[in-house]
Every structure is written in structure tokens, then in C-alpha cells.
Amino acid sequence: MAAPIDRMGLLLVILLPVLFSISHAVDRSNFKTCDKSAFCKRQRDVKPGQSPYRALLETLELSNTRLTLQLINDNNKVRLLLELYRLQGNMTRVKINELKPLKPRYEVPDVLVKDPPTEPLSVLDRDENGVVLSLGADSQRLIISARPFRLDIVDGPNVLLSINSRGLLVFEQLRLRKDTKSETDSEGGEDVEQNVAEKGEEEEEAKEEEDQPGMWEETFKSHSDGKPNGPTSISLDFSFPGVEHVYGIPEHADTLKLKSTEGGDPYRLYNLDVFQYELNNPMALYGAVPVLLSHTAERTMGIFWLNAAETWVDIGSSASVQGGSEKSQTDVRWISESGIIDVFVMLGPRPTDVFSQYASLTGTQSFPPLAALAYHQCRWNYNDQEDVKAVDDGFDEHDIPYDFIWLDIEHTDGKRYFTWDPLKFSQPREMLQNLMDKKRKMVTIVDPHIKVDSGYKIHKEISSKGFYIKNKDGGDYEGWCWPGNAGYPDFTKPEMRAWWASMFAYDQYEGSMENLYTWNDMNEPSVFNGPEVTMHKDAVHGAWEHRDVHNLYGFYVQMATAQGLIQRSGGVERPFVLTRAFFAGSQRYGAVWTGDNAAEWGHLKMSIPMCLSLGLVGISFCGADVGGFFKTPSPELLVRWYQAGAYQPFFRAHAHLDTPRREPWLFGPENTALIREAVRQRYTLLPYWYQLFYHAHRTGQPVMRPLWVEYPENAATFAIEDEFLLGKDLLVHPVTDEGSRGVTAYLPGDGEVWYDVHTYKKHQGNQNLYIPVTMNSIPVFQRGGSVISRKERVRRSSLCMQDDPYTLYVAVSAQGTAEGELYIDDGHTFNYEKQQFIHRRLTFAEGTLSSSNLSPDSQFSTASWIERVVFMGVTKPNTATLRTADGSESALEFEFDPSSELLSLRKPGVNAGAEWTIQLR
């Protein structure tokens, strides 16, 4: 029995720093700075100046789909291959790779939804100094300068974007180590010898490059990283003349507008398990989306850097001269450890265009089941089935709706995922059936670290199939996580993903039912005893090192899990999967959250820019742990967090194992009432949330968006991050300061009006409005000119409200008009893809509100009807007349409040999917 005791002792040693960090701020020394990352330091030591690369124009080849051109580094004579593509939708793709690498370099698969369709490139002008290409759209041109190599994208006389204008293109070529050059047989045999020979005479004349620290191996703390391929990092700079505001590159606990990194660390993109992360710094967190947006009053553009290796992004400012005048300029430099340069330039010009362009590359937000947009109750951990029942009953007792209850790692049999604790959760189907009887659902956690246990079916099958990630010596990679010694499935393998998906079948995941959904945590991957609490970079995924694929791991875990939930229903039901780690394209597979935050006011504030940043790069289904995961919120903070969370896309309360219980009714009747009201507000707005997610799924437009997205010419909106828009019609300014007695909200839109959704008071746009607040205040405004649908009969879950009637809120513009939509389907299947839905346009003009069909080919029926219509900003009519499709007319009863210009029509009684008009006279 000595060995198990020793193993447990080792586990405690490993976990001590992790457990210690639970009650303290993150220990930054556990994570690298740029100076501690050898390739980042090497690249950053290269200062702006004249680039050693020049374009060999005589090698230019132009086909119908692409241009190729060789680049040469005049310092070492290494040649690169430049590929340029003009893509449909006003995008340009730039790829740079070694012309003749010793072995293939990693190119990211599976993230692009398809091969981006191209459009022909044409040469407009050419001389010994460069080439001018047409980009098709109006006066847009791509200029290739030969010496030094540089790319400029221009629109008429204006430079939109310059590439390598600061000379920071660096491409560390694959090479043989000096002390092994004579041993090519051991480094790859004949293939390597042939490639070395093909490097040609030019390279023989190159200056010998000196090895620098960290090129072939480096050590961080006690962890050694051997690099058999040597230095492989890449770098490229982009300059945006006239631009002062850039956004994106989540995930960081930092401001919406990205800050200059001059004099500090760059923003880091490297998926890591960071306990109790700090605010306002560029440290890497759980996810990485290498997409950056630039914005001015004239134009929005985007850069998508398709690379899954550790990446650092430097942001600085300088001056540029255009048209004889000096303008500010933002300079962005991307640095990645391996792979190739593969970058998509999205040329906008409007914010909506950039969102569409990016969606065409990586896909749109998955369309979640309606219930997933409701309230979720979670804790690490609910103790047993009796605890689950008590919490479930507590919501009914206190008349608070909820849809999902969650179980963390303690529900399993010894942290063996796809299992249940035989004592505490001995009857999972009974538990799930009890929830189903109330039209509620459950989420269980399924993490990607697998307990090494010969008696555990999941481990045995993965091991026997050879599906584990390997260590550099060829054995299965093992690390420490919640179960102790764990293996890590290689989700980069399609066969592994297919097998994983099959494990969610009802006959494989014992005790599961159709109302059980999934949470993928710790999928950065988290390795407690690994470097920076993650996997060793020299671990092996088939032909590739982990360093090449690291930021893709969580993307693949969620992909396989979502596929499993779809397959178990025969392709009928939409999945719901929450992931902590993510990459570009993760939006296709479910939701994300902002990880292990803390019960502090600063973390509540930061949840807004963090989710806004994610929405800008395609991931709309975002939320933060309501109340904060670590520490204990005061009742005031908890209430304010519920109020903010009710207006963020993913609405889940969650708490750490060591914190006191915080179900919504445990803080006294007054606070219970405040929380109840916040949750009820969420439920009344579910039709609007659902409509927004339908549009996000169809178009790629973000659900929760910064004000500048809808008001792109208004510079006053560019840095606002304490308020946001839901769609274009609801503006939310949560109260995020302790003891606040008022907030100042900016209401945009010169000539527009906004209505307080609680008081119906009308306010003019283009002003800063001071709003006195009490503890029951959630400042929310509806845009004049909009129609929003609500369901105001709040029941215990969203499914219980499925056939309930709608209330239409018509907020009239200064011009006396309004427009909105109503979208209805079954709420949970893929049948909407078969035109089984209702989609109606609601229009108010010249005193008439009408409902018309936006999708005449669709077929769906609903039992829901229109219960009430509320007009804001109208005068009192003499009559209100309903006319239905068959031509019949009836008078409607109404009430009018002259002080608030509020008109309420009672019981039109028409079916929500029908044609009708209401005329006010």
C-alpha cells in the first residue's frame, strides 16, 4: 500500500500551490512574461527598421485564384513563398511559408468552415520597384513594394493598411542543429538530405546565424522544453494609418479598447488555467481568438491571424503622413512560436461587414436551444440527489424561475467522467426525470483529463485505441489533474473525436437522458504539474508537437462534445455545451464563460468588456459567473451581479466549493425579491433574446455589442465599456459600483429618442443622462423606432412558457415610426433549418401597426397569441381597430397615460403567426 500513499503525497504537493491560490491573487511567477518566453524575447529584440526581406519580382506568378511571389532574406539567403488571394466579400488573404522547409510547417485545419472562395486578381501596373494589383472594390488596390518587401492596401489616395512597413517580418526557418548537421540520417534521413541540398548555393553563401538562448531548449521553473525542430517563430507587423481604436484578441481581463503595450508585456494568446485572474493586464487567460478590429468614424477593418501556437500581440502608436497632414497611427505586431503566417485582412468598411466577413471564414454562433438562454443555477458542488431536489424545490418555493441546474466534478465516481457517484447520485435517471417533470434540465461536467485506472472503461478504450497524446519519447503523456494521474485524449485526431462523441449516446453514458447537457472545463488543457499549469509543448499529436496546436485543444473538445449531443438524438436536437477554453470558430459549438472570476466589484465591471470583446470576434454566447466564483459576495454585490447577468447572453450563477451557499433566497426577503425581479426580467425578454441569437446564427452579427457598432461615426461611443446594446434596440447600463446612488448613461443617436423600459419616460439621444438608482434599479432603455416582443407570464421554466401569449412594446421614433420582428420555432430542434418557423415583421407607420410574413415559404404553427400591445411616445387615439387577414374588424379597448404618452391595448387576441393590422385614429 506504500505506492498509493506516495502517490497521494505527491498529489498534495502538486495541489498545494493550486489550493493556496484559491484564497489569494494569481501568482504571476507561475506564468511567463515575454522576457521569460525565449521566442518572444528574440522577436521583441528585433527593432523596427529596414526589413532584410525583398520581393523577387521575376518569380511572380498569377493565376485566376492567387498570386505567388518569392521573398528572400538578404541576411541569410533563405527564401520564403508569398501567396496572395483576393477573397469574396472584400477580404485579402496573405500566406507566407518557407519555400523549401526541411519538413512541413503546421497549418491550422478545421477552423475555416470551407475553402474561402476567391475572386480574380489583376495586375494594374508593374515596374522594377513593385506591382499594383486591383482588389475589385471601387478604388481599392494592393501594392507590393520589392525592396524592402512591403504590402499596402489603399483606397484611392488613402492607405488603409500597411504590412511590414516597420520591417518586423521575421521567419525563423527550420534548420539542423550545428552539432548534428553531419547526422542527417538521425534527423529524418533521405528526405532531409534532399531538402538540405535543395536549399541551393545561395544559402551556402549566407551568414552563419548564431544560436541564441532558448532556440533548441529552454527551461521555465523546473520544466524543460526540448525543441527538436529548433527555432520556428514568426512575426509580422501591420500599421493602420489614422486609427486610434483597436479591439478584440480575447481573452484578457482588460479594457474593451486595447491598450498600448509599449513599455510592458504584449497581449498574450495562450490558453491557460489561471486561478483568480487579475484585472487590467494582458496576461493570457482560458481562450484565444487571434482577431483584431480597427475602427474609425470612416471605416472598420479586421485582422484574423490564423495560428494556434502561443502568440503575443504588441500594440503601439506612431504618426503617419497622408495627404500632407500628420495622422495618428496604430501599429500591431503579431508574434507566434511556430506554424506559418496565414492572415486574413477583412476590409469592412462597416462594422457589420467585418462581422459578416469573419463569419464567412469561421462560421456563426450556434443557435442554442431556447432554454439555454434562460437562467442556470450552478455550484461546485451540489452534494447529492437530495441536495439537487432541495435546491430545485427552493426555486419553486420562492417563485424564482430557472431552467438548468448544474453538477461539477464531485458528482462523478472519483472524478471519472461519464460516471455518477454510486452513493450520492445513485439514481441519476430518477433525478433527471424529476427535473423533466418540471420541464427543467441539468448540465454535468465532462472534462478532458481521464483518470489512469485500468478498471475505468473510458481510460481503457482510449488507451487501447492509442488515442492519448504522447510524450516526446512515444509513451502516453500523463499529468496531474482532479482525478490524480490523468491521460489527455488527442482531440486533434478525427477518430478520437468520433469516439468521444459516441460516448454521449444514452446507452454509453449511463444514467443520461435527453434533458442532460454538458460542460467542458479544464480544456486549455489544464495540467496541475505542467509548465504554466498546462501541457508540455514537446508532447506529441501525431506528426505535430503540442506547441503547434495548443490553442486548438479546447476548440476540438467542445466540437467533439457538441457532435456527441447531436448524434445521441439522431441529429434532431440542438446541443448545449459550455467550454472554458476556445479559439476562432468555437462559436459554432456553444457557449463560453469568463472563467474563475472573483466576488469583487472590479470583476463585475470587467465582465462587460470581456463579453463585448468576445462578441466582436464571433462568440456571442458569453457570460460571467454571477456573484463571482471565488470569495463571498456581499448581498449588494450579489444583487447587482444578478441584475447585470440578466442582461448578458449566458446567465449562470456559480460559486467555489469553499464559499458559503448562495442560492438566491439565502440573503433575506428583500434581496430575494430583488434577485427574483432580475431573473423575471430575463424571462420576459426571452423572445427578444431568442430572436437576437437567431440573427447571430444567420448573419454573424453580435448579440451583445458596443455602442460604436450601431453608431460607428460617433467618436463618443468608441471607448464606452460600462454599457452596451443588445441587438440594436435595447441599451443596458448595469450598476457596477458599490453604494451607487446614480449612474450616467450615454444615450446615442442625434435626433433619436430612448424610452426607459421601467418608467416609459422618453429621453433624447446624443446626451449623457444621469439616472438616480436604488437597489431595484436596472437602467435599460428601448430605442425609439423599435418593436420588442416579450412574454410577461413568467413561469417556473422557459418550456412552461412555450405557448404563452406575447406583449408587443412599440417604442415610437421621433418620426412616428417603429419596426421590429417576431421569431418563433419549436425552441430545441434543427427543424428551423427545414423552414419550420415563424418570422414576422412588425411595422408601425402613419398610425398603423402591421404584422407581415418575412418567410412566406416557412411552415410552422403556434398556440401563442398577442395578449397586449404597448405604445410608447404616442398621442391618445379616438379608436383602436384590429383588422385580421379575413377582413374582419373589431374595436380594441385601451388605456392611455398622458403623462408618459403610454397607450396600452388589451387583448387583440390574434395568433402570433397571423396577418393583422391595428389602426389608431
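Here the structure is shown first, and the text comes after it.
Residues numbered from 1 in each chain as written. Predicted model: local features only at pLDDT ≥ 70, side-chain atom pairs only at ≥ 80, totals over all residues. Heavy atoms only, no water.

Undergrad: Could you give an account of the overall build of the protein, with specific residues and numbers?
TA: The number of helices and strands found in the protein is 16 helices and 53 strands. Its C-alpha radius of gyration of 29 Å places the protein within 12% of the 29 Å reference for a compact globule of 921 residues. Long-range contacts, defined here as pairs at least 24 residues apart, represent 72% of the contacts in the protein between residues at least 6 apart. Surface summary for the protein: the accessible area is close to 33,300 Å², and the carbon and sulfur share equals 48%. In the protein, 93 side chains carry a positive charge and 126 a negative one; their mean positions are 3 Å apart. (Helix = DSSP H or I, 4+ residues; strand = E, 2+ residues; numbered from the N terminus. Rg over C-alpha atoms; globule rule 2.2 N^0.38 Å. Contact = heavy atoms within 4.5 Å. Areas by Shrake-Rupley, 256 points an atom, 1.4 Å probe, with all protein chains shown as cover. Lys, Arg positive; Asp, Glu negative; His and termini not counted. Charge placed at Lys NZ, Arg CZ, Asp CG, Glu CD.)

Undergrad: Describe the pairing of strand β24 (residues 441-445), listing the residues and the values that go with them.
TA: Extensive coverage of β24 is indicated by the burial of five of its five residues. Here β24 shows a buried face lined by Lys441, Val443 and Ile445 and a second buried face lined by Met442 and Thr444. Where strand β23 (residues 404-407) and β24 come together, four bridges link them in parallel fashion. The residue bridging Trp406 from the neighbouring strand is Val443, located in β24. Crossover connection from β23 via helix α7 (residues 428-437) to parallel β24: handedness right-handed. (Buried < 20%, exposed > 50% of the residue type's maximum accessible area, 1.4 Å probe, protein only. Pairing = 2+ DSSP bridges. Right-handed = clockwise from strand over helix to strand, strands pointing away.)

Undergrad: Run through the pattern of salt bridges, naming residues and quoting values.
TA: Counted under the stated rule, the structure contains 59 salt bridges. Measuring nitrogen to oxygen at the nearest pair gives 2.8 Å for the salt bridge that ties Arg93 to Asp342. One end of the pair, Arg93, is in strand β4 (residues 91-98); the other, Asp342, is in strand β21 (residues 341-346), and 249 residues separate them in sequence. Here Arg93 and Asp342 have matching classes, each one buried. (Salt bridge = Lys/Arg side-chain N within 4 Å of Asp/Glu carboxyl O.)

Undergrad: Before we move on, can you summarise helix α14 (residues 669-684) with the specific residues and values?
TA: Counted at 1.5 Å a residue, the expected span for α14 with its 16 residues is 22 Å, and the 22 Å between its end C-alpha atoms agrees. Buried within α14 are the following residues: Asn671, Thr672, Leu674, Ile675, Ala678, Val679, Gln681, Arg682, Tyr683 and Thr684. (Expected span 1.5 Å × (residues − 1).)

Undergrad: Which residues make up the sheet that holds strand β32 (residues 591-593), and what values do they have?
TA: Spatially, the eight strands line up as an open sheet ordered β33-β32-β31-β28-β24-β23-β22-β34, and their pairing is parallel. A strand with exactly one partner marks an edge of an open sheet, and here the two such strands are β33 (622-623) and β34 (651-653). Sheet topology note: the strand β22 (residues 375-377)/β34 ladder contains three bridges and is parallel. Looking at the pairing, Tyr375 lines up with Phe651 of β34.

Undergrad: Would you mind going over the sheet that holds strand β36 (residues 724-726) in detail, with residue names and values included?
TA: Strand order in the open sheet made by the six strands is β35-β36-β37-β42-β39-β40, with antiparallel pairing throughout. Unpaired on one side and paired on the other, β35 (704-705) and β40 (762-764) mark the two borders of the sheet. In this sheet, β36 lies alongside β35 in antiparallel orientation, the contact comprising two bridges. From the neighbouring strand, Met704 faces β36, where its bridge partner is Leu726.

Undergrad: Outline the state of the cysteines, supporting the account with residue identities and numerical values.
TA: The full count for this structure, using the stated rule, is two disulfides. There is a disulfide in this structure between Cys611 and Cys622, and the S-S distance comes to 2.1 Å. The S-S bond linking Cys611 to Cys622 shows a torsion near -75°; that makes this disulfide left-handed. In this pair, Cys611 is assigned in helix α12 (residues 601-616) and Cys622 in strand β33, connecting sequence segments eleven residues apart. For the pair Cys611 and Cys622, a shared accessibility class is recorded, and that class is buried. Here the protein pairs its bonded cysteines, counted in sequence order, in the arrangement 1-2, 3-4. (Disulfide = S-S within 2.5 Å.)

Undergrad: A description of the nonpolar core should follow, citing residues and the corresponding values.
TA: Residues Phe304, Met442, Trp500, Phe576, Tyr642 and Leu726 are the most contacted members of the largest nonpolar core, which totals 177 residues. Among residues more than four places away in sequence, those in contact with Trp500 are Phe418, Val446, Asp447, Pro448, Ile450, Phe491, Val557, Ala560 and Thr561. Counting residues in each nonpolar core, the second largest holds 50 residues, with Val94, Leu121, Leu151 and Leu347 among its members. (Core = buried A, V, L, I, M, F, W, Y, C linked by side-chain atoms within 4.5 Å.)

Undergrad: I'd love a proper account of the packing of aromatic side chains, names of residues and values included.
TA: In total, this model carries 49 aromatic pairs according to the counting rule given. Taking the centre distance of 5.4 Å and the plane angle of 90° together, the rings of Phe304 and Tyr358 count as edge-to-face. You can see Phe304 sitting in strand β18 (residues 300-305) and its partner Tyr358 sitting in helix α5 (residues 351-362), a full 54 residues away along the chain. An identical accessibility class is assigned to Phe304 and Tyr358; each is buried. One aromatic cluster is present, built from ring pairs that chain together Phe404, Trp406, Tyr517, Trp519, Phe576, Trp593, Phe621, Phe650 and Phe693. Positioned over the ring face of Trp519 is Arg652, at 4.7 Å from the centre of the ring. A cation sits over an aromatic face here: Arg682 above Trp689, 4.2 Å from the ring centre. (Phe/Tyr/Trp six-rings, centres within 6.5 Å; stacked < 30°, edge-to-face > 60°. Lys NZ or Arg CZ within 6 Å of the ring centre and 35° of its normal.)

Undergrad: Account for helix α11 (residues 553-568), naming residues and giving values.
TA: The terminal C-alpha atoms of α11 lie 23 Å apart, and with 16 residues this matches the ideal 22 Å at 1.5 Å per residue to within 8%. Of all 16 residues making up α11, 14 are buried, and the element is well covered by its neighbours. Residue Gly570 follows α11 closely and has a positive phi angle near 70°.

Undergrad: Describe unusual backbone geometry, naming the residues involved and giving the relevant values.
TA: The omega torsion across Gly348 and Pro349 is 15°, close enough to zero to call that bond cis. You can see Pro349 is positioned in the loop between β21 and α5. Residue Asn381 follows Trp380 across a cis peptide bond; omega there is 5°. Examined against the element boundaries, Asn381 turns out to sit in the loop between β22 and α6 (385-397). For Lys439, which is not glycine, the phi dihedral falls at a positive 60°. Residue Lys631 is not a glycine yet carries a positive backbone phi of 70°. By the element assignment, Lys631 lies in the loop between β33 and α13 (635-645).

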